[in-house]
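Notes for the structure review
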Amino acid sequence: MLKEDDLVEVLNRKKLSRQDVLLTILCVEHSKPKDVAVIKKLGRNAGFTEIQKWNVSAILGRAKGLAIRLPGGWAATSGGVEHVQHLGLLPEKKSRKVLHVATSLRQTTQKIIDPDTLSFVEEAISCYETGLFRSAVVLSWVGAMALLQDQIVKHSLATFNSEALKRHSDWKNAKTKDDLSRIKESEFLDIIGSPPLSLVGKNVKEELKDNCLKLRNACGHPNSLSIGENRVAAHLEVLILNVFRKFS
């Protein structure tokens, strides 16, 4: 629903009746009833200084079926919220799939210790929720790769260096996670997805390489590709199930 910080823009987007102004204010954390003093404070902070002179209770009392007076104050009914939605003042409702994927991702963030990885994942979630699908693909991939690199640095760095040297005679031993970025991501996945490391299984490696990495590359460069929430949800689901939940 609305946040208090959104009121300045929302209430000044179009000319509204007093009733619509008050109903919009009630949509800020709409599950919490608000007394008249709080309603006036929210309106005043949003630039509606004239709200101080309004008879708030009388106006809302005439909004039959749109607002209700509860012991804790005034609240918008479902009809009131829908009314404000029809005015074009509320964010579009997110689909159940978007909410489910975002919730699953947020659950994984509780286990992520590395602050850099955490920031990528949190930003990916925000991008997905707001429909910035290409950004969500890129950032979630970066976060997943960071987790895999952490595992190598912590547990298998010597073995990784040995395998990388077999592929590149000029390979200089990696000592930190940043050093691992010197090798192509596809090769990195080949190494960690094969013996003797086998950090991920063969099928997981192929899914990451053939689908997630290819989509990340497509989304990370200017082109005409268009993707929707279903494609991005599938990408995020693979990363959640096979990387974030397993290695966070």
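Residues numbered from 1 in each chain as written. Predicted model: local features only at pLDDT ≥ 70, side-chain atom pairs only at ≥ 80, totals over all residues. Heavy atoms only, no water.

Side note on the overall build of the protein chain
When you go through the protein chain residue by residue, the secondary structure sums to 11 helices and two strands. Counting from the amino terminus, the protein chain carries its helices and strands in the arrangement α-α-α-α-β-β-α-α-α-α-α-α-α. A compact globule built from 248 residues should have a C-alpha radius of gyration of about 18 Å, whereas the protein chain, at 25 Å, is more than 25% larger. Dimensions of the protein chain, computed from C-alpha atoms along their principal axes, come out at roughly 80 × 35 × 25 Å. A total of 248 residues make up the protein chain; the buried ones form 44% of that total. Of the contacts made within the protein chain by residues no fewer than 6 positions apart, 61% connect residues no fewer than 24 positions apart. Carbon and sulfur atoms make up 50% of the accessible area of the protein chain, which amounts to about 13,700 Å² in all. In the protein chain, the 37 positive side-chain charges and the 28 negative ones have mean positions that sit 5 Å from each other. (Helix = DSSP H or I, 4+ residues; strand = E, 2+ residues; numbered from the N terminus. Rg over C-alpha atoms; globule rule 2.2 N^0.38 Å. Buried < 20%, exposed > 50% of the residue type's maximum accessible area, 1.4 Å probe, protein only. Contact = heavy atoms within 4.5 Å. Areas by Shrake-Rupley, 256 points an atom, 1.4 Å probe, with all protein chains shown as cover. Lys, Arg positive; Asp, Glu negative; His and termini not counted. Charge placed at Lys NZ, Arg CZ, Asp CG, Glu CD.)

Details of the side chain of Asp20
Turning to its location among the elements, Asp20 is positioned in helix α2 (residues 18-26). Buried charge Asp20 goes without a salt bridge, the closest partner of opposite sign being Lys14 at 8.4 Å. In this structure the side chain of Asp20 is engaged in a polar contact, spanning 2.7 Å, whose partner is the side chain of His83. Beyond its immediate sequence surroundings of up to four residues, Asp20 is in contact with His83 and Leu87. (Salt bridge = Lys/Arg side-chain N within 4 Å of Asp/Glu carboxyl O. Polar contact = N/O pair within 3.5 Å; in protein donor to acceptor, adjacent residues only side chain to side chain.)

Digging into the confidence of the model for the protein chain
When the pLDDT values of the protein chain are averaged, the result is 89; 98% of them are 70 or greater. Across the protein chain, the element-wise mean pLDDT spans from 76 in helix α6 (residues 96-109) up to 97 in helix α9 (residues 185-192). (pLDDT = per-residue confidence, 0-100.)

Regarding the packing of aromatic side chains
To describe a pair of aromatic rings, one takes the distance between the centres and the angle between the planes. In this structure the tally under the stated criterion is three aromatic pairs. Arranged with centres 5.8 Å apart and planes meeting at 55 degrees, the rings of Tyr128 and Phe133 form a pair that is tilted. Given the relative accessible area of 1%, Tyr128 is considered buried. With centroids separated by 5.5 Å and ring planes inclined at 50 degrees, the aromatic side chains of Phe160 and Phe188 adopt a geometry described as tilted. (Phe/Tyr/Trp six-rings, centres within 6.5 Å; stacked < 30°, edge-to-face > 60°.)

As for helix α11 (residues 229-247)
Residues lying three or four places apart along an α-helix face the same way, a consequence of the helix completing one turn every 3.6 residues. Across its 19 residues, α11 extends 25 Å between first and last C-alpha, which sits within 8% of the 27 Å expected from 1.5 Å per residue. Ile240 marks the point of greatest bend in α11, at about 45 degrees. When we look at burial in α11, the residues that qualify are Val232, Ala233, His235, Leu236, Val238, Leu239, Ile240, Val243, Phe244 and Phe247. (Expected span 1.5 Å × (residues − 1). Bend = angle between axes of the 7 residues up to and from the residue.)

A short note on α6
For α6, built from 14 residues, the straight-helix expectation of 20 Å at 1.5 Å per residue is met to within 8% by its first-to-last C-alpha distance of 20 Å. Among the residues of α6, those classed as buried are Val98, Val101, Ala102, Ser104, Leu105, Thr108 and Thr109. The buried side chains of α6 occupy one side of the element, clustering within an arc of 160 degrees when seen end-on. Seen from the buried face of α6, the exposed residues on the opposite side, beyond 90 degrees, are Arg96 and His100. For α6, the secondary structure elements touched by its buried residues are α7 (115-129) and α11. (Arc of directions from axis to C-beta.)

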